[in-house]
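The residues making up each chain are set out below.
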Amino acid sequence: LVAAGADALVVIGGDGSFTGALLFNQEFGFPVMGIPGTIDNDIYGTTYTLGYDTALNTVVEAIDKIRDTASSHNRMFFIEVMGRDAGFLALNSGIGGGAEKILIPEHHSTLEELVNEIEINHNKGKMSNIIVVAEGDTTGKNVFELKEYVEQHHPDYDVRVSVLGHMQRGGAPSCFDRVLASRMGVKAVESLLEGKSNYMVGIRNNKMELTPLEKAIKGSSKIDMELLRVAEIMAT
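A brief structural summary.

Rules used in this analysis
- Residues numbered from 1 in each chain as written.
- Predicted model: local features only at pLDDT ≥ 70, side-chain atom pairs only at ≥ 80, totals over all residues.
- Heavy atoms only, no water.
- Buried < 20%, exposed > 50% of the residue type's maximum accessible area, 1.4 Å probe, protein only.
- Helix = DSSP H or I, 4+ residues; strand = E, 2+ residues; numbered from the N terminus.
- Pairing = 2+ DSSP bridges.
- Right-handed = clockwise from strand over helix to strand, strands pointing away.
- Contact = heavy atoms within 4.5 Å.
- Axes fitted to C-alpha atoms, helices over the stretch in contact; angles between N-to-C directions.
- Expected span 1.5 Å × (residues − 1).
- Arc of directions from axis to C-beta.
- Salt bridge = Lys/Arg side-chain N within 4 Å of Asp/Glu carboxyl O.
- Phe/Tyr/Trp six-rings, centres within 6.5 Å; stacked < 30°, edge-to-face > 60°.

1. Quick look at the pairing of strand 2 (residues 32-36)
Phase 1 of the analysis: A large share of strand 2 lies buried, amounting to five of its five residues.
Phase 2 of the analysis: Relative to strand 2, strand 1 (residues 9-13) runs parallel, the two being bridged by five bridges. The residue bridging valine 10 from the neighbouring strand is methionine 33, located in strand 2.
Phase 3 of the analysis: Once the chain exits strand 1 it traverses helix 1 (residues 15-28) before rejoining the sheet at strand 2, and the crossover so formed is right-handed.
Phase 4 of the analysis: Bridge count between strand 2 and strand 7 (residues 199-204): two bridges; the pairing is parallel. Within strand 7, the position partnered with glycine 34 by the bridge is methionine 200.

In structure tokens form, the structure reads like this:
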């Protein structure tokens, strides 16, 4: 980097990338600045991470298409989305896609509770259901176990599983992500020009703010539990 005439290094990523950036700075004294980039939206110090909105829109679009099949064939779909440690993607896409149930790591449900809620929907005459599951949810061992358990207790349902997988990571960035990336990039460069280093650029209350990289790595981003209440209301 020095030989190439670079003045500083801007690292885009998550906890692992930021940890590497800190070590790089400690070993070589080279200025570094972090920009949060992960579809999980689980980095402390920012309300939104780069890629999250794009992935969110991709998931909602997939849910909309799957619902067409669920409704026309009276099927129940378990749709697994990414989110091993955080349910931001599942919770918000579930609300946006009108899911009847959302399962996330931050809020544990039992298999019995799931079956009871499906029974309530069944008694209301709902034969098609969309259940969004974060990959880190612990209600069952995995989304296929959820399917098998429901089939055992509700053999009248035609249950299917759709694992969206890495398609959530691809595609053209949303306008929101493009604008956010531009704002974060400008803030990162301007902060480096001011002599600052070892910070992460984030957005809070629509303003660009700096968080020490070490704090961003050790901190945790909390999910808005109010959204769970909204999801439950909208599903009734």
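Text resumes after the structure shown.
2. What to know about helix 3 (residues 88-96)
Phase 1 of the analysis: Here helix 3 has its buried residues at Phe88, Leu89, Ala90, Leu91, Ser93 and Gly94.
Phase 2 of the analysis: Of the surrounding elements, those touching the buried residues of helix 3 are helix 2 (52-73), strand 3 (75-81), strand 4 (101-103), strand 5 (129-134) and helix 8 (226-235).
Phase 3 of the analysis: After helix 3 finishes, the residue glycine 98 shows a positive phi value of roughly 70°.

3. A closer look at the sheet that holds strand 6 (residues 158-163)
Phase 1 of the analysis: Read across the open sheet, the four strands follow the order 4-5-3-6; overall the sheet is parallel. Across the chains shown, the open sheet's two edge strands, defined by having one partner strand only, are strand 4 and strand 6. With direction set aside, neighbouring strand axes in the sheet form an average angle of 20°.
Phase 2 of the analysis: With six bridges connecting them, strand 3 and strand 6 associate as parallel partners. Considered in strand 6, the bridge of phenylalanine 78 is made with valine 161.
Phase 3 of the analysis: Against the sheet, helix 2 engages strand 3, strand 5 and strand 6, with an angle of about 165° to strand 3.
Phase 4 of the analysis: Set on the sheet, helix 4 (residues 111-123) makes contact with strand 3, strand 4 and strand 5; between it and strand 5 the angle comes to about 160°.

4. Focus: the sheet that holds strand 2
Phase 1 of the analysis: An order of 1-2-7-8 is seen for the four strands of this open sheet, with the pairing classed as mixed. Two strands in the sheet have a free side with no partner beyond their single neighbour: strand 1 and strand 8 (207-212). Ignoring which end each strand starts from, the neighbouring axes of this sheet average 30° apart.
Phase 2 of the analysis: Each of strand 1, strand 2 and strand 7 touches helix 1; the most contacted strand, strand 1, lies at about 160° to it.
Phase 3 of the analysis: Packed on one face of the sheet, helix 6 (residues 175-193) meets strand 1, strand 2, strand 7 and strand 8 and runs near 165° to strand 2.

5. With respect to helix 4
Phase 1 of the analysis: Between its terminal C-alpha atoms helix 4 stretches 18 Å, which fits the 18 Å expected from 13 residues at 1.5 Å a residue.
Phase 2 of the analysis: What helix 4 keeps buried is the set Leu111, Leu114, Val115, Ile118 and Asn121. Buried residues in helix 4, looked at end-on, bunch into an arc of 115°, giving them a common side.
Phase 3 of the analysis: Lining the buried residues of helix 4 we find strand 3, strand 4, strand 5 and helix 5 (143-153).

6. Some thoughts on the pattern of salt bridges
Phase 1 of the analysis: Counting across every chain of the model gives eight salt bridges.
Phase 2 of the analysis: Lysine 196 serves as the salt-bridge partner of glutamate 194, at 3.4 Å between the closest nitrogen and oxygen.
Phase 3 of the analysis: Salt-bridge contacts for glutamate 214 lead to lysine 218; the nearest nitrogen and oxygen are separated by 3.1 Å. Here glutamate 214 pairs with lysine 218, and both are found in helix 7 (residues 213-218), just four residues apart, close to one helical turn.
Phase 4 of the analysis: Assessed through its relative accessible area of 45%, glutamate 214 is described here as partly exposed.
Phase 5 of the analysis: The exposure class of lysine 218 is exposed, given its relative accessible area of 66%.

7. A few points about the packing of aromatic side chains
Phase 1 of the analysis: Applying the stated criterion across every chain, the model contains three aromatic pairs.
Phase 2 of the analysis: Measuring from ring centre to ring centre gives 5.2 Å for phenylalanine 24 and phenylalanine 28, while their planes differ by 50°; the resulting arrangement is tilted. Of the two residues, phenylalanine 24 and phenylalanine 28 are both situated in helix 1; the distance of four residues between them amounts to about one turn of the helix.
Phase 3 of the analysis: Judged by its relative accessible area of 25%, phenylalanine 24 falls in the partly exposed class.
Phase 4 of the analysis: Of the residues examined, phenylalanine 28 reaches a relative accessible area of 58% and is grouped as exposed.
Phase 5 of the analysis: Both rings, one in tyrosine 48 and one in phenylalanine 176, keep their centres 5.2 Å apart while their planes meet at 80°; by these two values the pair is edge-to-face. In this pair, tyrosine 48 sits in the loop between strand 2 and helix 2 while phenylalanine 176 sits in helix 6, placing the two residues 128 residues apart along the sequence.

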